[in-house]
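Results of the structural survey
So the chains spell out like this:
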Amino acid sequence: MKALVYHGRKKVSVDNVPDAKIEKLTDVVIKLTTANICGSDLHMYEGRTDVAKGKILGHENLGEVVEVGKAVDTVKKGDKVVLPFNIGCGFCANCERGLTGYCLTCADPSVMPGMAGAAYGFAGMGPYAGGQAQYLRVPYADFNCLHLPEDADEKEKDYVMLSDIFPTGWHSTRLADLKPGESILIYGAGPVGLMAALSARIQGASQIFVVDGQADRLALAKQIGATPIDTKDGEIGDQIRELTGGLGADCGAECIGYQCTNNAGKEVPNLVMNSLVDAVKATGTLGVVGVFIPKDPGAKDALAKIGQIAFDFGKFWFKGQKMGTGQCNVKAYNRRLRDLIHHGKANPSLIISHELPLSEAPGAYEHFDNRDAGWTKVILHPHAA
Ligand SMILES: [Zn+2]
Ligand SMILES: [Zn+2]
């Protein structure tokens, strides 16, 4: 089969690799019909993780079941399914509590002591191949496959966003403890930030502020119903206090991660976290879903190399704020978000900028990585010519 393979910093190619196959009786194999490129793939692409060469990337996957392991009950050949980017077993202590991003069964404990969580095609998240490929092995298929309704083909571009960014955007608002009628400050108008804005709108936020420095992305935020806040228009805290009676936003969502940059394009890993502490009101909660990693050998900053940032903890403490962090437990939300799409209440595909065959993935990585204007979200069709 063909698959997008990582060969080192900024080197990916579409190679012929052995077909994905059933390895355990609880697996299925799917034929990918849509697979996305994600901002977090860029951390690996840029050599800013310790992902191994030869890894097939891709964790946002949707397709048709073509092979079914003997111990699988509820998934049949021909079913159209979307997969959470995290791989859960469904029966460990964390999966049992809905914390499927922190599965203990599927995790790779050699990454660090106490490691939990697994994902397709991802650094530090187990040996699983990714789905920017023609076929994908899905472990614990009964648990991980979310069935799609009869409009699966028609709304495929919306449903594929259930693999990661729509639930992840939603998760940021839940970690931030957003309540109907409250205001929320969302940092980042990339795909996840835009999905956070959509989620906040659905949950009845009174004001949704989306911060970014890129005009095309801010325009999308506005289209979703948020107030765009341009980093070039001055201190974020000042801008937000002016719009919230001097108090700051009720809560905040971090949707950028450790590779955030200032207006001059310089990476400043603590920029967003400290700005959120400043711009969110005293007693407000921060939801942090942007990726931060324990080790970043490619970092220029000495702290960042060992996964640290200079965080305004004193201000955070003094304001009595709270914080929730980490990757999204996709299974906790994806069924309900699927139903919002099915019934016409959510249209996450609005952020898609490019729809390409797999063969064009290497070029798409380059554009996306250069943050070229207009490259918001790329979806791939691995069987298209
Ligand atoms: Zn993703
Ligand atoms: Zn588990």
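Running from N to C, helix 8 (residues 236–243) and helix 9 (residues 271–279) point in directions that differ by 30°, and their axes come no closer than 9 Å. Between helix 8 and helix 9, the angle falls in the class roughly parallel. When you trace helix 8 past helix 9, the crossing you get is right-handed. Facing I236, G237 and I240 of helix 8, the residues of helix 9 in contact are S275, D278 and A279. Taken together, the residues that form the contact of helix 8 with helix 9 break down as 3 nonpolar, 2 polar and 1 charged.

Turning next to the sheet that holds strand 8 (residues 183–187). Read from one edge to the other, the open sheet built from 6 strands follows the order 10-9-8-11-12-13, with strand pairing classed as parallel. Whereas interior strands pair on both sides, the edge strands pair on one side only; in this sheet they are strand 10 (227–230) and strand 13 (322–325). Ignoring which end each strand starts from, the neighbouring axes of this sheet average 20° apart. Pairing geometry for strand 11 (residues 249–254) and strand 12 (residues 280–288), over 5 bridges, is parallel. Bridge pairing in strand 12 places C251 opposite T285. The strands that helix 5 (residues 165–175) touches are strand 8, strand 11, strand 12 and strand 13; relative to strand 12, the one it contacts most, it runs at about 150°.

So, on to helix 5. For helix 5, a buried count of 10 out of 11 residues is recorded, marking the element as mostly surrounded by other parts of the structure. Within helix 5, the full set of buried residues consists of I165, F166, P167, T168, G169, W170, H171, S172, T173 and L175. In this structure, the buried residues of helix 5 make contact with strand 8, helix 6 (191–202), strand 11, strand 12, strand 13 and helix 12 (334–342). One or two steps after helix 5, the chain reaches D177, where phi turns positive at roughly 60°.

On to the packing of helix 6 against helix 7 (residues 215–224), then. It is the contact of helix 6 with helix 7, at a shortest axis distance of 9 Å, that shows an interaxial angle of 15°. With respect to helix 7, the axis of helix 6 lies roughly parallel. Regarding helix 6 and helix 7, the two cross each other, and that crossing is right-handed. Where helix 6 approaches helix 7, its residues L194, A197, L198 and R201 are matched on the opposing element by L220, A221 and I224.

On to the domain arrangement of the protein chain. Note: interface size is frequently given as the accessible area lost on complex formation between the parts. Taken domain by domain, the protein chain comprises domain 1 (2–164 + 329–381) and domain 2 (166–325). Just the C-alpha atoms count here: the centres of domain 1 and domain 2 sit 25 Å apart. The interface is formed by 25 residues belonging to domain 1 together with 22 residues belonging to domain 2. At the level of secondary structure, the elements contributing two or more residues to the side of domain 1 that touches domain 2 comprise helix 1 (39–45) and helix 12. Of the residues assigned to the side of domain 1 that touches domain 2, the class counts are 11 nonpolar, 8 polar and 6 charged.

This brings us to the nonpolar core. In terms of nonpolar packing, the biggest core is built from 118 residues, with L136, I184, L185, I186, A197, F209 and V210 touching the most fellow members. A per-element tally of this core places helix 6 first, with 7 residues. Mapped onto the domain boundaries, this core takes at least three residues apiece from domain 1 (2–164 + 329–381) and domain 2 (166–325). Residues in contact with V210, not counting those within four places in the same chain, are I186, A189, G193, A197, L218, A221, A226, P228 and I229.

Here we come to unusual backbone geometry. Note: most residues except glycine have negative phi, and most peptide bonds are trans. For Y140, which is not a glycine, the phi torsion comes out positive at approximately 40°. On the secondary structure map, Y140 appears in the loop between strand 6 (135–138) and helix 3 (141–144). Its 23 C-beta neighbours within 10 Å are what place Y140 among the buried residues.

Of all the 10 residues making up strand 3 (residues 28–37), 8 are buried; the element is thus mostly covered by neighbouring parts of the structure. Where strand 3 lies against strand 4 (residues 60–68), 8 bridges are found, and the strand directions are antiparallel. Along strand 4, the bridge assignment pairs A35 with N61. Alignment of strand 3 against strand 15 (residues 378–381), held across 3 bridges, turns out to be antiparallel. What sits directly across from I37, in strand 15, is V378.

The next thing to look at is helix 13 (residues 361–369). Of the positions making up helix 13, those classed as buried are A361, A364, Y365 and F368. On an axial view of helix 13, the arc spanned by its buried residues comes to 105°, and they lie on one face. Looking at the buried residues of helix 13, the elements they touch are strand 1 (2–6), strand 2 (12–16), strand 3, helix 1, strand 14 (354–357) and strand 15. Downstream of helix 13 by one or two residues, R371 has phi in the positive range, about 55°.

Rules and cut-offs
Residues numbered from 1 in each chain as written. Chains lettered and ligands numbered in written order. Predicted model: local features only at pLDDT ≥ 70, side-chain atom pairs only at ≥ 80, totals over all residues. Axes fitted to C-alpha atoms, helices over the stretch in contact; angles between N-to-C directions. Helix = DSSP H or I, 4+ residues; strand = E, 2+ residues; numbered from the N terminus. Parallel < 35°, antiparallel > 145°, perpendicular 65-115°, else oblique. Left-handed = near helix turned anticlockwise from the far one by under 90°. Contact = placed C-beta atoms within 7 Å. Nonpolar A, V, L, I, M, F, W, Y, C, P; charged D, E, K, R; others polar. Pairing = 2+ DSSP bridges. Buried ≥ 20, exposed ≤ 12 C-beta atoms within 10 Å, placed from the backbone. Domains from an automatic or database assignment. Core = buried A, V, L, I, M, F, W, Y, C linked by C-beta atoms within 7 Å. Arc of directions from axis to C-beta.

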